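# Structural characterization, general
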Amino acid sequence: MSEQNSEFKTTKEILKLNEGEKVKVRGWIYRKRDLADNIFIVIRDSEGIIQTVLSRKNSPESIISLAEKANIESSIMVEGVVKNDERAPGGKEIQIENLSVIGFSDDFPIKGGESIDYLLDIRHLWLRSRKLTAVMKIRQSILEGMREYFKKNNWWEVNPPILTQSAVEGGATLFEVNFFGKKAYLSQSAQFYLEVMIFSLERVWAITPSFRAEKSRTRRHLYEYYHLEGEAAWMNMKDMMGHVEGLVKSAIKKVLNDRLEELEIVKRNVNILENSLKASFPEITYDEAIEKLRRKGINLKWGDDIGADEEKVLTEYYDTPFFLTMFPKHLKSFYMKIDDSRPELVYGFDLEAPEGYGEVVGGSQREDSYEKLYKRIIEEGLNPNDYQWYLDLRKYGSVPHSGYGLGVDRLVTWIAGLDHIRDSIPFPRFRERIYP
RNA sequence: GCCGGGGUAGCUCAGCAGGUAGAGCGCCCGGCUGUUAACCGGGCGGUCGAGGGUUCGAGUCCCUCCCCCGGCGCCA
């Protein structure tokens, strides 16, 4: 038995039907215009919109009064005949023969022109908009494209915990939870758990919510975000950069393939996306980046961090995503592997999205020597006791390995060309917002 | 946490030499109408973010607090 109820056609299917065919549709009233001879009801469903027309002359009074009473966003079912008419959006409409209201709607609060603040208060209603619907579909395709890439390259998907005992890195602020009287925290990264898993599965990935309690006031931070992380044995930094490039390209390809209509709804210029598939992503080392920025007249010296403003300047050199690599070790985390030929550097890489969007991926080759890792932990002023099981991994058949974390919501924001990360996810957690 | 901007009708905003609150949209009523965010006329609608102060009088000036927006930092 099919899950699809064949009795009803979707709005998209109806646009492909011939004149004269009899159909049933169901959905929500998107627009209604009550005129002298006709009532126009535009119906919205998950796939699009279709105009339906109720003739006042040829319809029973009972149906006309239903149509008059049904406000925007009422859920209705309509039965009628397909008719070609170039005045209708999409060139087709349905002449209504029968109509029933499933659920009447109160006066819908969104009419156009509302402020972001107000719309966020009614996010549960705002999510019905065509724009947000399109973004959610793009998001799905991005995840699908990446999933296909993992599958093709024989990576294993695993499910690490969200409740954890301690931080991966000392710095980032954690949300604390009460774990039966013990202090526990919401995970900020699954990295250490994935590193465990490579000793059996070799190539593993996970998508989990990650949490950062650091108060941020930017358009690229969420307190709760979808973190896609990968970790693989036997791969060095370059290998992993190649993997990340393939992963991101797979997402872009999927979207360009399946979601052109939605890209148009969100008014995304697809040139940059198409460019990004053509060439390989350029790499620029930290050294070169500092050099470039200095030539641009920015007052920076070697060892300074490359901040958001500097990233935006670098972004101007490229029309595809690009890698930033080989950072001074004092700017990065203790677990990144040191370059023995230049011990002030670590094998770290970031993937930056163009057009000013900035960092989407952060990754590195991991330190695989017990002694060196132990030393780095001490150097950073951390307590080795907090990292006992993590250190253990270097005592039982350690291997060179690398990994990364990708901000799913940031990738969606860039690919969909959004101006704020909040619209990349249905219920964004940011700016002290927890409702709805 | 820091810097900047802002809270006035259901929504978007105007009003700021301090003198009893206004427009557009929405809503209700009427008209017109194969409409495309339809149009035209009328009506309803406000403890001016909260508290305190100055003043004969405060949306307007002063103080404190709350909330929102943009940017930095933190990172994905």
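All figures in this text were calculated on a predicted structure; none of them were measured in a lab. (Residues numbered from 1 in each chain as written. Chains lettered and ligands numbered in written order. Predicted model: local features only at pLDDT ≥ 70, side-chain atom pairs only at ≥ 80, totals over all residues. Heavy atoms only, no water.)

## As for the pairing of strand E11 (residues 224-233)
Most of E11 sits out of view: eight of its ten residues are buried. As paired elements, E11 and strand E16 (residues 401-407) share seven bridges and run antiparallel to each other. Among the inter-strand pairings, Gly230 is bridged to a residue of E16, identified as Tyr404. (Buried < 20%, exposed > 50% of the residue type's maximum accessible area, 1.4 Å probe, protein only. Helix = DSSP H or I, 4+ residues; strand = E, 2+ residues; numbered from the N terminus. Pairing = 2+ DSSP bridges.)

## Focus: the packing of helix H7 (residues 237-258) against helix H14 (residues 408-415)
Direction vectors running N to C along H7 and H14 enclose 45°, while the axes themselves pass 12 Å from each other. Accordingly, the angle class assigned to the pair H7 and H14 is oblique. Crossing geometry of H7 relative to H14 is assigned as right-handed. Across from Val248, Ala251, Ile252 and Val255 in H7, the residues of H14 making contact are Leu411, Trp414 and Ile415. Taken together, the residues of the contact of H7 with H14 sort by class into seven nonpolar, no polar and no charged. (Axes fitted to C-alpha atoms, helices over the stretch in contact; angles between N-to-C directions. Parallel < 35°, antiparallel > 145°, perpendicular 65-115°, else oblique. Left-handed = near helix turned anticlockwise from the far one by under 90°. Contact = heavy atoms within 4.5 Å. Nonpolar A, V, L, I, M, F, W, Y, C, P; charged D, E, K, R; others polar.)

## Some words on the sheet that holds strand E3 (residues 48-55)
Adjacent strands of a sheet form backbone hydrogen bonds with each other and so pair up, either parallel or antiparallel. Spatially, five strands are ordered E1-E2-E3-E5-E4 in a closed barrel, and the strand pairing comes out mixed. The sheet shows a mean angle of 55° between the axes of neighbouring strands, taken without regard to direction. Where strand E1 (residues 22-34) and strand E4 (residues 75-84) come together, seven bridges link them in antiparallel fashion. The partner of Lys22 across the bridge, within E4, is Val81. Running over the sheet, helix H2 (residues 61-69) touches E1, strand E2 (38-45), E3 and strand E5 (92-103) and is turned about 80° from E5.

## Some thoughts on the protein's contact with RNA strand B
As a structural note, the neighbourhood of RNA strand B is formed by 49 residues, with Arg33, Arg212, Arg219, His221 and Arg410 the closest of them. Among all atoms of RNA strand B positioned within 4 Å of the protein, those belonging to sugar or phosphate total 48%. Contacts to RNA strand B include Ala36, whose backbone N or O atom sits 3.3 Å from a base nitrogen. Contact distances for RNA strand B include 2.6 Å between a base nitrogen and a side-chain N or O atom of Glu93. Mapped onto the surface near RNA strand B, the elements with two or more residues apiece are E1, E2, E5, helix H3 (116-121), E11, helix H11 (308-315), strand E15 (358-365) and E16. Element by element, the count of residues in the surface near RNA strand B is highest for E15, at four residues. The residue inventory of the surface near RNA strand B, partitioned by class, reads ten nonpolar, 14 polar and 25 charged. (Near = heavy atom within 4 Å. Polar contact = N/O pair within 3.5 Å; in protein donor to acceptor, adjacent residues only side chain to side chain.)

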